[in-house]
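Survey of secondary and tertiary structure
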Number of protein chains: 2
Amino acid sequence: MSKGRITIPTDDNFIKETMEIAEKWGADAIRDCDGFKLPKNIKDLARKVYSTYFVARGDNEWAEKNPEELQQTYLMTKHHLAKSDTLVIDIMEGYFKEQVKPDSYHDVKEFWEVIDRTTGEVVSLDNWSYNEETQEVTINNVTPWHEYTVSFLAYCIWDPTQMYNHITNNWGDKPHEMPFDARQPKTNKYIFEAMHKWLDENPDADVVRFTTFFYHFTLVFNDRAKEKYVDWFGYSSSVSADGLREFEKVKGYKLRPEDIIDQGYYNSSFRVPSKTYLDYMDFTQKFVSENVKKLVDITHEHGREAMMFLGDNWIGTEPYGKYFENIGLDAVVGSVGGGATLRMIADIPGVKYTEGRFLPYFFPDTFHEGNDPTIEARENWLTARRAIMRKPVDRIGYGGYLSLAYKFPKFVDYIEGVCDEFREIYDTIDGNKPYCGLKVAILNCWGKLRTWQTHMVAHALWYKQIYSYLGVIEALSGMSLDVSFINFEDIKNEDTLKDIDVIINAGDAGTAFSGGENWLDEEVTSIIREWIYNGGGFVGIGEPSAALGGGHFFQLANALGVDKELGFSLSTDKYFKEEVSSHFITEDVFEDIDFGEGQKNIYSLSENTEIIKYENGDLLMSANTYGKGRAVYIAGLPYSIQNTRILNRACFYAANKESEMKKWYADNSYCEVSAYIESKRYAVINNSNEKQVTKVYDGEGNFMEIELKPTEIRWMDIK
Amino acid sequence: MSKGRITIPTDDNFIKETMEIAEKWGADAIRDCDGFKLPKNIKDLARKVYSTYFVARGDNEWAEKNPEELQQTYLMTKHHLAKSDTLVIDIMEGYFKEQVKPDSYHDVKEFWEVIDRTTGEVVSLDNWSYNEETQEVTINNVTPWHEYTVSFLAYCIWDPTQMYNHITNNWGDKPHEMPFDARQPKTNKYIFEAMHKWLDENPDADVVRFTTFFYHFTLVFNDRAKEKYVDWFGYSSSVSADGLREFEKVKGYKLRPEDIIDQGYYNSSFRVPSKTYLDYMDFTQKFVSENVKKLVDITHEHGREAMMFLGDNWIGTEPYGKYFENIGLDAVVGSVGGGATLRMIADIPGVKYTEGRFLPYFFPDTFHEGNDPTIEARENWLTARRAIMRKPVDRIGYGGYLSLAYKFPKFVDYIEGVCDEFREIYDTIDGNKPYCGLKVAILNCWGKLRTWQTHMVAHALWYKQIYSYLGVIEALSGMSLDVSFINFEDIKNEDTLKDIDVIINAGDAGTAFSGGENWLDEEVTSIIREWIYNGGGFVGIGEPSAALGGGHFFQLANALGVDKELGFSLSTDKYFKEEVSSHFITEDVFEDIDFGEGQKNIYSLSENTEIIKYENGDLLMSANTYGKGRAVYIAGLPYSIQNTRILNRACFYAANKESEMKKWYADNSYCEVSAYIESKRYAVINNSNEKQVTKVYDGEGNFMEIELKPTEIRWMDIK
């Protein structure tokens, strides 16, 4: 059995045991962890040492010396009601004074904006003033009973990640790390010098684990030091007075604060992105990638590898962004919560290798007496393994206190098995692509940029409004389908849909994931209608193609065979409510279908629509023929074994390729097959903790029956 | 005990029994019924005889002689997908050829419209043609993969009500009554002559029961002779080539077919009405009211009374419309399905009396062996009685075959009691207004015009999308509150809100009942905010004040203390989820609260919002203080005893008048009190079929405890 591809943490005075575990797991890299420095004789422990590096924080001396070069963020006050012709707004109300500080160093009239939110009009600069001492904006000549907000630029005086850890772990009087801005002239020079210096001072660090670069995703706390706003994709804290001025030079027009503030929605990735916001993202991505490249080049000069942590200060270096590959990073490491997050890491283009940090973290919340950490580990491994079978990360790793894990020998044994299984999969796949039955494209406003990152708010957290859509992504992460992510501009490129079998459009009406007003673009709808009509497959989930217009809410209503009742067409009789007696899509259903949040008021447009599920007056699943193509509607699809199977069948049905489904296929829903034609090997996995019997189909549709042990992976030769 | 105020049907060869029932029930009027003629010696039976009269149908000789003067309707084809540059549309596809016929007598290019529904653009007249023979429109130079519709004018060749009855009752070869148009010159003259003639020929008819006038509400059948589209308020079948030309003369601009077609929504009363549609309604109402007035005048000339049936061909004579009172009708009669429909009739202004036709109809569906018709009668009476206590109709009546009812002596006895109870209530109230604790205004796009008629599709039918709002109206119909209906224009009249304690806004986002884009009118929101802030009460149900803008979905979010999450503000933490331990509004709750369809994704904006009900991540009921005023949010409120009490408490709470609630009040939710100060009498009603014990409060807040028998009404003196 091979060794390597495993990264572990270590601990104080834990050399012998670290070596023992490294040997057992086949670990070839050691990493440092929060609040813990690597031991001196680290080099003896592993082939490689990862050392965490912060580019834009951790040097308060520099930060304090250059307060005007601290990072900045745009903030909006809440809506204030005017009751007379003057309104006074305490702009810091609701914000955490230890985190942010209004910026009146730069001209507030240039960078702030007071808006009448009742009309949307910007208040003239003559009509308001800012009092630095009281931190109040006074607005004159307001219209009584209108609501006003102040958008203001602020300095970030505490790095959000350190702040979070500091507050969560009660770090007391430990200094608050102040983030400095790589765009500022002095700081820009400084960060490269600091990089050289650090590399010189840390000769043991083979791999610089950047955590991360310049700008943190938006994370703002409230006046009670609790999270107020979090957007893992948010750009609000990448702004600065200088940056905004530079933007105007580069893009030829001036951004308004509102372009970032966005009525207080701050361009959440659920918003259909505006042209100006896309321009701003591009501007920032370009700057960040160019400057990160310099850091990477320095790292390489020193003979080290550059690894990016996927998260924290990752704004501008999104791995599927257009400048990412130019950076020249060696590796990306990220946290694996399941299949989708694994693919988000594994599919990253332009790096030498990727690494997934698996759960559980070796922290006392899981590793305490009476708890069995192998349960979480197995769950994490089983969901991630599905995705690894499709596209493996190159390495896996763990974090936390190794000494803690060491106290759980059953866990240490279990992970040994995981590591072996991972290497076996990795070696067998050997860089080859597994067999894919269909090509599926996820269509939304973000396309490739947010590959495997749709419908997320804070990284991998559960929200009531997203799980019914995230399930689609999670299911796809381990399915025998070739998945791509496309946006509405891509649709207009005639090559985009050429090889695609199925378009999936999933999301709530008006969001970037459903597509909002893009569905009123006649070019988009024409192209997609034509494509479906000529044989394409469309799977709509939730409120697909939703944008009220022309007598429909779903712009693809006629293709889908369903529309949503908003009240306007109640007068039209809805005759079609009867379910078909059976359907290809639901042939494997073994329990009540879970539509998650589902949808209300979806109805069939004609008797031709095959209603597959109808409950309490609402259509929940249907299929429709449109020319030579087909469209499937599903009200919602949280992740589950059964829903994965439903989605698979929905895709093959939509593609009109039902007869192709049973190739490299297991008929037991708990099992999946991945075939590596070039490697002449295929694997059948059991995603459950119970033994399973399944028919396994080869590429010609021949099958045999096998029995798999709980969670087993069975490798077989392709003849 | 007094007699009278009761109308009954009679039957063939049923004189003796009719007299017996008339005596028992105290009936003083006899009416004819569908498919049955009044007997000759009718005059001996009752003081008054009602005779049904149809103005615009029932004379096929006239109709056939003047086919170009038949009534017309605007119809739209379904959306047709263009697959090449030519598109042929069979315009009658999906329509019932026995009901409607395309009108090519008038210039199709003047009155028809072909629309590219993908862009909304009208297809140039050069690019399409109509083939009368094949009933096909051929469109040239279409854009492939766009969807097209044809809007066309058609003749109505079968009156919808007669058609419905004909088909439902299998009337076989009975002639189809063709409706003629009172606006056409020959027909206009003819209907007045016919009126004279009929009155001469029917000397026994004391009361002409018009069923009804000129234009039927929109009721279109499909090619399988089933209902395709029904809108009890719809104006589509009031159009005509001449009418449209006349409109241009009167209003100074030309209507487009689309102004009536409305993308196929046909201006359903759920649509926020457009200016052009309101103009068209006004134009039609004016014409109809003026011409109906002439019929009424003729009726009066002949010494008879004119009674309008509220329904069928009632378009243009809506009783709360601005020209209605000019007509000079003596009476309106309508069908009573419950409290709201009773009030819809009872509150009609400008007539001498109103009459409610109660359920059940004496038809075999209810009056058959093994069924007890008193059950339906009691239910109907109990729900209607609540409303009668607030504002009685002047008469009640029944319909159907009297001989059928006669076979159910228990039923005949029960109705005797109903009639006596009705007269007792009527006589005691004696035209006085009962005590009202608050003045409540229902705010929507329709205001007074649709008094007690909100959220309806087909008269009194249940729809999943409406019952959660209809419940509010039904509850109010019997509550001790003074209810008015106002629209958004009324809001701008400074007198409108002067005496109002509570505004209620109930409905789904975007509908005329919530208000749609009216909530983006800064005048509207300013006035309402100011009014609440200064002490007004606001009760929002469903999606009140909903219109996305300025960072809120609910434009009164800050007043309500809640907003709806559409996905855009997921990044903002929602901390406030805890219910208050108890609240004034829910003090009487005795069973799970029924929110009907409820709402998802409503959340509290601040800790000041009192969350009264929160389930599965959704806020369902809350209250909030806004200046001196208060706003209450409720997710939905189907009609029930408990929800009536909740609404009552919500109103008193919003009005900041909790201490005033227990005046002329029963603390038992099944009981209600109505006090007639001028009559010095008050009544306590038991709305249940069980005995109830309740504290009864007088106008000073003193109470005594009484016990009421099932369904009892107890009258007491005011000291």
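Residues numbered from 1 in each chain as written. Chains lettered and ligands numbered in written order. Predicted model: local features only at pLDDT ≥ 70, side-chain atom pairs only at ≥ 80, totals over all residues. Heavy atoms only, no water.

Looking only at helices and strands, one finds 18 helices and 36 strands in chain A. By the compact-globule yardstick of 27 Å for 719 residues, chain A fits well, its C-alpha radius of gyration being 27 Å. Its C-alpha atoms give chain A principal-axis dimensions of roughly 75 × 75 × 50 Å. In chain A, which comprises 719 residues, the proportion classed as buried is 65%. For chain A, restricting intrachain contacts to residue pairs at least 6 apart in sequence, the fraction spanning at least 24 positions comes to 73%. Seen as two clouds, the 78 positive and the 114 negative side-chain charges of chain A have centres 3 Å apart. (Helix = DSSP H or I, 4+ residues; strand = E, 2+ residues; numbered from the N terminus. Rg over C-alpha atoms; globule rule 2.2 N^0.38 Å. Buried < 20%, exposed > 50% of the residue type's maximum accessible area, 1.4 Å probe, protein only. Contact = heavy atoms within 4.5 Å. Lys, Arg positive; Asp, Glu negative; His and termini not counted. Charge placed at Lys NZ, Arg CZ, Asp CG, Glu CD.)

Okay, the UniProt feature "domain: Lacto-N-biose phosphorylase central" (unreviewed entry) in chain A next. Mapped onto this numbering, the UniProt entry annotates "domain: Lacto-N-biose phosphorylase central" (unreviewed entry) at residues 439–658 of chain A. Annotated as residues 439–658 of chain A, this span is 20% helix and 26% strand, and its ends, taken at the C-alpha atoms, are 14 Å apart. (UniProt positions renumbered as here; feature names shortened; annotations may be inferred.)

Let's shift gears to the interface of chain A and chain B. Put simply, an interface is often sized by how much accessible area is lost when its parts join up. Listed per partner, the contact involves 61 residues of chain A and 61 residues of chain B. Summed over both partners, the interface of chain A with chain B comes to about 5,400 Å²; 48% of that surface belongs to carbon and sulfur atoms. When the buried surface of chain A facing chain B is broken down by residue, Trp145(A), Phe568(A) and Leu570(A) rank first, second and third, together holding 15% of it. For the interface between chain A and chain B, the tally reads eight salt bridges. Its salt-bridge partner being Arg224(B), residue Glu607(A) comes within 2.7 Å of it at the nearest N-O pair. Applying the counting criterion to the chain A and chain B interface returns 40 residue pairs in polar contact (both at pLDDT 80 or more). Those elements that place two or more of their residues in the side of chain A that touches chain B are β15 (227–231), α16 (522–533), β24 (546–549) and β29 (618–626) of chain A. (Buried area = accessible area lost by both parts, 1.4 Å probe. Salt bridge = Lys/Arg side-chain N within 4 Å of Asp/Glu carboxyl O. Polar contact = N/O pair within 3.5 Å; in protein donor to acceptor, adjacent residues only side chain to side chain.)

Residues and elements named next belong to chain A. Under the domain assignment used here, chain A contains domain 1 (6–56 + 182–219 + 275–429), domain 2 (438–660) and domain 3 (665–717). Spacing between the C-alpha centres of domain 2 and domain 3 amounts to 29 Å. Counting residues at the interface gives ten residues for domain 2 and ten residues for domain 3. Buried area between domain 2 and domain 3, both sides added, is near 720 Å², and the carbon and sulfur share of it is 40%. Counting the surface domain 2 buries against domain 3, the share from its top three residues, Phe590, Ile641 and Arg645, is 65%. Across the contact surface, domain 2 and domain 3 share six residue pairs in polar contact (both at pLDDT 80 or more). (Domains from an automatic or database assignment.)

Further remarks concern the relation of the copies chain A and chain B. What relates the pair of chain copies is a rotation about an axis plus a shift along that axis. Note on the copies: chain A fits chain B at an RMSD of 0.0 Å, the axial shift is 0.0 Å, and the rotation between them is 180 degrees. Taken together, these values place the two copies in the relation of a two-fold axis. No C-alpha of chain A lies nearer the rotation axis than that of Lys600(A), which sits 5.2 Å from it. Take the interface residues of chain A: 100% of them recur as interface residues in chain B, which is what a same-surface contact looks like. (Least-squares fit on C-alpha atoms with pLDDT ≥ 70 in both.)

Our next topic: the sheet that holds strand β6 (residues 87–90) of chain B. Residue and element names in this part refer to chain B. Within the open sheet, the three strands sit side by side as β6-β11-β10. Their pairing is antiparallel. The open sheet has two free edges, formed respectively by β6 and β10 (128–131), since each of these has just one partner strand. When the angles between neighbouring strand axes are averaged without regard to direction, this sheet yields 20 degrees. Where β6 and strand β11 (residues 136–139) come together, four bridges link them in antiparallel fashion. The residue of β11 that forms the bridge with Ile89 is Val137. (Pairing = 2+ DSSP bridges. Axes fitted to C-alpha atoms, helices over the stretch in contact; angles between N-to-C directions.)

This next bit is on the pattern of salt bridges. Residues and elements named next belong to chain A. What the rule picks out here adds up to 100 salt bridges over all chains. A salt bridge links Arg245 to Asp242, with the shortest nitrogen-to-oxygen separation between them at 3.9 Å. Here Arg245 and its partner Asp242 are both found in helix α6 (residues 241–251), three residues apart, which amounts to about one turn of the helix. Take Arg245: its relative accessible area is 34%, and that puts it in the partly exposed class.

This part is about helix α16 (residues 522–533) of chain B. All names here are of chain B. With twelve residues, α16 extends 16 Å between its outermost C-alpha atoms, agreeing within 8% with the 16 Å of an ideal straight helix rising 1.5 Å per residue. By the burial criterion, the buried members of α16 are Val524, Thr525, Ser526, Ile528, Arg529, Trp531 and Ile532. Between the side-chain oxygen at the start of α16 and the backbone nitrogen of Glu523 there is a gap of 2.9 Å, and the oxygen is on Asp521. Looking one or two places after α16, you find Gly535, whose phi comes out positive at around 125 degrees. (Expected span 1.5 Å × (residues − 1).)

For the coordinates displayed, the defined rule picks out 98 aromatic pairs over all chains. Note on Trp664(B) and Tyr682(B): the rings are 4.9 Å apart at their centroids and 50 degrees apart in plane angle, and the pair reads as tilted. With Trp664(B) in the loop between α18 (641–654) and β31 (665–666) and Tyr682(B) in strand β33 (residues 681–686), the pair connects residues that are 18 residues apart, well separated along the chain. Accessibility classification places Trp664(B) together with Tyr682(B) in one group, the buried group. Lying across the ring of Tyr653(A), Arg630(A) places its NZ or CZ 3.9 Å from the centre. One cation-aromatic arrangement involves Arg271(B) over Phe568(A); the distance from NZ or CZ to the ring centre is 4.9 Å. (Phe/Tyr/Trp six-rings, centres within 6.5 Å; stacked < 30°, edge-to-face > 60°. Lys NZ or Arg CZ within 6 Å of the ring centre and 35° of its normal.)

Moving on, we come to the packing of α6(A) against helix α8 (residues 275–301) of chain A. Residue and element names in this part refer to chain A. Put simply, α6 and α8 touch, their axes get as near as 11 Å, and they point 105 degrees apart. With respect to their mutual orientation, α6 and α8 come out roughly perpendicular. Residues Gly243, Glu246, Phe247, Val250 and Lys251 of α6 pack against Asp279, Tyr280, Asp282 and Phe283 of α8. Residues belonging to the contact of α6 with α8 are distributed by class as follows: four nonpolar, one polar and four charged. (Parallel < 35°, antiparallel > 145°, perpendicular 65-115°, else oblique. Nonpolar A, V, L, I, M, F, W, Y, C, P; charged D, E, K, R; others polar.)

Before going further, it helps to examine the pairing of strand β23 (residues 537–542) of chain B. All names here are of chain B. With six of six residues buried, β23 is to be regarded as a mostly interior element. As paired elements, strand β22 (residues 502–507) and β23 share six bridges and run parallel to each other. Within β23, the position partnered with Gly507 by the bridge is Gly542. Note on the crossover from β22 through α16 to β23: the handedness is right-handed. Bridge count for β23 against strand β30 (residues 629–634) is five bridges, and the pairing is parallel. Counted as the bridge partner of Val539 is Val632 from β30. (Right-handed = clockwise from strand over helix to strand, strands pointing away.)

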